[in-house]
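# A structural walkthrough
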Amino acid sequence: MEIISLIKQVPDSTRVKVDPVTGTLIRAGVPSILNPYDHFALEQAIKLKKEHNAKLTVLSMGPPQAEEVVRLALSLGADRGILLSDRAFAGSDTWATSYTLAQAIRKIGKFDLILAGMMAIDGDTAQTGPGVAQQLRLPQITFCNELKVEGKKLIAKKLIEGGHEIVECIMPVLCTMIMPHEYHPSYPSFMSIYKAQVEKPAELWSLKNIDAEIKLLGLEGSPTRVDKIYPPVSKEKGTMYNGSPSEMVEILIQILKEEEVI
Amino acid sequence: MSSVDLISLRLMLNSLKQYWKKNLSLDFLQELDKKNEYPKKVIDDFYDPNILGVNYLLIPSEFGGIGGNNVAVYQLCEMLGRIDLGIATTAFATFLGCDPIRVGGTPEQNAKWMGRIAAEQMIVAYGATEADAGSDLLNLKTRAKRVEENGKITGYRITGNKQWISNGGVSDLYTILALAPGGASWFIVEKGTEGFSADKHEDKHGIRLSNTTGLALDDVYVPVDHLVGLVEGQGFVQAQAVFGYTRLMVAAMALGVGSEANETAIRYAQQRILAKGPLSEKMGYMHKLIVPHAVNLEAARCFIDRNSKRLDEINEGLQTEGAIAKYFTTEVADNCADDSIQALGGYGYTKDFSPEKLKRDIKIAKIYEGTSEILQMTIQRDRWQEHLKTKGGFYINMAREMDAVHAKNPDVGADSASLCLKGLSAILEVCRTERLTRHQHVTFKIGDLIAKAEVSHSFVIAASQDKLFEGVRFDKETYQAMARVNARETAFNVILDGIKLVTGAGNVDAHALAAQTNLIQIIQKQQQITADMDLLSVKLCEIFNAR
Ligand SMILES: Cc1cc2nc3c(=O)[nH]c(=O)nc-3n(C[C@H](O)[C@H](O)[C@H](O)COP(=O)(O)OP(=O)(O)OC[C@H]3O[C@@H](n4cnc5c(N)ncnc54)[C@H](O)[C@@H]3O)c2cc1C
Ligand SMILES: Cc1cc2nc3c(=O)[nH]c(=O)nc-3n(C[C@H](O)[C@H](O)[C@H](O)COP(=O)(O)OP(=O)(O)OC[C@H]3O[C@@H](n4cnc5c(N)ncnc54)[C@H](O)[C@@H]3O)c2cc1C
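The biggest cluster of nonpolar side chains holds 211 residues, and the ones touching the most others in it are Leu 154 of chain A together with Leu 16, Phe 46 and Leu 57 of chain B. Among all residues touching Phe 46 of chain B, those that are not within four sequence positions of it are Leu 16, Tyr 19, Leu 24, Leu 52, Gly 53, Val 54, Asn 55, Leu 80 and Ile 87 of chain B. If you look at the next biggest cluster of nonpolar residues, it comprises 25 residues, including Leu 101, Ala 102, Ile 105 and Trp 205 of chain A.

Structure below.
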């Protein structure tokens, strides 16, 4: 079995602040991490790899420094890691990103299962996974949190409102993964990191390594036009009242009268 | 070339950091501290190649380790220091314990023992110190008697007592310094060898979770191939050979402790509102308790970084630089931890906040691996030789280097650093003509002045580079302001202290010396230092944001 895991490097959003004047993210000094959804998906892929003796390839598109997440994935147990990096890909929206990733996957060739995170915590669109599936004309199962493989069949537990669904599909298929609330990602030991460095160097792919139409790449291939980015207005703070129940009822009635509710 | 590239190093440090955040809360560490308890499970994880395996960074790759270079190791040591100096000491004692074998062992001994240390996840201890042989190791009493059969040495019987040995009660393997007939020598002793035992765990001021015990050796037999290097009398040489390296690493651990204390205070200052505003906006507070330490720690970092890189190139040596790094950084970190308690006021004095523990822990860094005073003497002794050999040119040449930097980049304090080094040379010259180094306190103080002047010189160079080195978390403008502040302060303190010193000890014309050392010019260079300090106050709060 061949598995491909799509991973993205993102700024550690818990540490990002929005510049109040320009509305853009202040990224200086903020460390980059592997998108947590992708981290969880990768760990599921590694589990499947071990159970089914599968081959696991990770694929990421990003600037040269994104090699770090590819190397992290290799240290955690992926067999092959590819970083797609080229000026020609710069400025891609989710459409162009999906196209580029799909073209790289075509180049990788054989696969049974593609995993993506449900969303990236910086872009937040949740479009890239489905976009890649569409490009490759693959069936897709989104919002999964558990996967099982039986022969040619993939069985996914998929979150839906108020519960979950069990969905079966004959592979190849693409799944996007959500993560548990209390998710503590695993990190590799010093020795695994070193072994990955020595035994499994990351492959750097540029435009030349894939067959792609230039006009569908990067800024030119991106139909999205960003109008404005701004932080959501924070809600007004509530007011706290203390006192005995009867005192507080008094206060409440007073307020309701002032607001002309009663 | 290191076997560990930059990405691997980042990933390793991140794995360690994630382990820290998940498993080693301040409450947990304070509890161990209170109970004086060694955290066996944590240390097992640190040595387990499938969990963390930090020790493998120090084991050469041909023996099953990773063989990280000095730059990688110092960054590891810094983070260990941040986490807990006791844990750092526990890990570092293994490195120290391996050093005699690494440096002095035959290839076969290296393959056998380093191979076993890697494969069996061994904890190792370094057994040099005795009741009457701490700073004064020459006073060693432990004896190793030859055991001979048919005129051939087949082994040794070791008898004596060791004191304050880190990991003494928990190690699998020990390197023990003992006097053989041919002189001081290192012996490898395995746990459980007959006649070999550890005493009780000491009740210490700080790093209480780090196991420290005495060792008793009562006619302990080791086969002859347990003599490191297979030649007697090499013990002191083998111990000395690694001081450059080991002291740089202890300096890095202290840098971790100091940085943790400083950053804790910076974050606290932003949250504590007094007299209608956060403490971080009160410049008296920032200039006294925060900024000077941040600057000194950054100076220490650049000195450690620079010399780790040099050591990676030349492999051995840099004993003087190691002594300077350790002396300077441990003093700075200790002062910083002390002021971080002050910066948190009453809260700082309680065990609910980290400075209380950091302050107790850091003290040991000024005692082990050479006390501060021994290092002051070492620094003075070594550089005194350079001063004599070059007829005063040693620091004059460094000053010229600063002049060249200043010509290219007038914003990094190179002018002050140049004045400082020239003045230092003049003061050393007075010491020579007046024969002042016969006073021990003069040698101590000169060691101190030299350390400060050389660190400042490194800081200026680092700040004048186009690209700041990996590990600096400041932008260039901030970093240069730090180098400027450091260069000015250092020039002022070194020259004023130097004049005071030689005036006190010898028959010196203070007026002439003040002129000769350009004292007034040095004072004039202090212009704008307040503005720089104000800038640094703001920048520090931006970077170590309280969130
Ligand atoms: C409103 C908006 C406008 C944008 N406009 C622009 C723009 O004009 N120019 C521009 O340069 N960028 C723009 N971006 C950023 C860019 O489109 C996205 O970051 C990128 O396409 C991935 O989308 P996402 O971050 O929403 O990921 P999602 O679609 O949320 O990611 C889902 C999953 O897809 C996979 N994935 C996503 N990206 C990659 C990748 N690079 N490599 C491998 N796997 C990946 C991961 O598994 C991830 O978990 C914009 C983003 C947003 C939200
Ligand atoms: C927690 C802890 C862990 C340790 N771990 C180890 C270990 O793993 N392995 C090991 O071998 N050792 C270890 N040591 C020992 C440590 O290295 C020694 O304590 C240190 O070298 C100082 O020696 P001492 O204690 O005998 O002090 P002394 O040498 O007695 O020094 C006392 C004071 O006198 C000063 N002094 C010393 N000589 C002179 C002089 N000539 N002139 C002027 N002043 C002088 C010193 O600076 C100091 O202030 C450890 C110690 C501690 C406390």
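Turning next to unusual backbone geometry. Across the chain, the bulk of peptide bonds are trans and the bulk of non-glycine residues have phi less than zero. Cis geometry marks the peptide bond from Met 171 of chain A to Pro 172 of chain A; its omega dihedral reads 5°. With respect to the helices and strands, Pro 172 of chain A occurs in the loop between strand E11 (163–170) and strand E12 (173–177). Located in the positive-phi region is Gln 121 of chain B, a residue other than glycine, with phi close to 50°. Tracing the backbone through its elements, the reader meets Gln 121 of chain B in the loop between helix H6 (107–119) and strand E1 (124–127). If you check the backbone angles, Trp 164 of chain B has positive phi at about 55° while not being a glycine. Relative to the helices and strands, Trp 164 of chain B is located in strand E3 (residues 152–166). With a relative accessible area of 52%, Trp 164 of chain B lands in the exposed category.

Here we come to the domain arrangement of chain B. Under the domain assignment, chain B is made up of domain 1 (6–122), domain 2 (126–232), domain 3 (242–366) and domain 4 (372–543). For domain 2 of chain B versus domain 4 of chain B, the distance between C-alpha centres works out to 42 Å.

Attention shifts here to the packing of helix H8 (residues 243–271) of chain B against helix H10 (residues 319–343) of chain B. All names here are of chain B. With their axes 8 Å apart at the nearest point, H8 and H10 run at an angle of 20° to one another. Judged by the inter-axis angle, H8 sits roughly parallel to H10. Read as a crossing pair, H8 and H10 show a hand that is left-handed. A class-by-class count of the residues in the contact of H8 with H10 yields 15 nonpolar, eight polar and two charged.

With that settled, the discussion passes to a nonpolar patch on the surface. A grouping of Val 249, Leu 252, Ile 253, Leu 256, Val 261 and Ile 262 of chain A is seen on the molecular surface, where their side chains present a nonpolar patch of about 540 Å² in accessible area. Inspection of the secondary structure assignment puts Val 261 of chain A in the segment after helix H6 (245–258).

Another point: the packing of aromatic side chains. Residues and elements named next belong to chain B. A complete count under the given rule lists 12 aromatic pairs over all chains for this structure. Taking the centre distance of 5.6 Å and the plane angle of 80° together, the rings of Phe 92 and Phe 95 count as edge-to-face. Pair noted here: Phe 92 and Phe 95 are both in helix H5 (residues 85–104), with a separation of three residues, about one helical turn. Across the pair, exposure class does not vary: Phe 92 and Phe 95 are buried alike. Feature note: the residues Tyr 268, Tyr 347 and Phe 353 constitute an aromatic cluster, connected by ring pairs. The ring of Trp 20 carries Lys 21 above its face, with NZ or CZ at 3.8 Å from the centroid.

About the thresholds
Residues numbered from 1 in each chain as written. Chains lettered and ligands numbered in written order. Predicted model: local features only at pLDDT ≥ 70, side-chain atom pairs only at ≥ 80, totals over all residues. Heavy atoms only, no water. Core = buried A, V, L, I, M, F, W, Y, C linked by side-chain atoms within 4.5 Å. Buried < 20%, exposed > 50% of the residue type's maximum accessible area, 1.4 Å probe, protein only. Contact = heavy atoms within 4.5 Å. Helix = DSSP H or I, 4+ residues; strand = E, 2+ residues; numbered from the N terminus. Domains from an automatic or database assignment. Axes fitted to C-alpha atoms, helices over the stretch in contact; angles between N-to-C directions. Parallel < 35°, antiparallel > 145°, perpendicular 65-115°, else oblique. Left-handed = near helix turned anticlockwise from the far one by under 90°. Nonpolar A, V, L, I, M, F, W, Y, C, P; charged D, E, K, R; others polar. Patch = residues over 30% accessible without salt bridge, like charges linked within 9 Å, V, L, I, M, F, W, Y side chains within 5 Å. Areas by Shrake-Rupley, 256 points an atom, 1.4 Å probe, with all protein chains shown as cover. Salt bridge = Lys/Arg side-chain N within 4 Å of Asp/Glu carboxyl O. Phe/Tyr/Trp six-rings, centres within 6.5 Å; stacked < 30°, edge-to-face > 60°. Lys NZ or Arg CZ within 6 Å of the ring centre and 35° of its normal.

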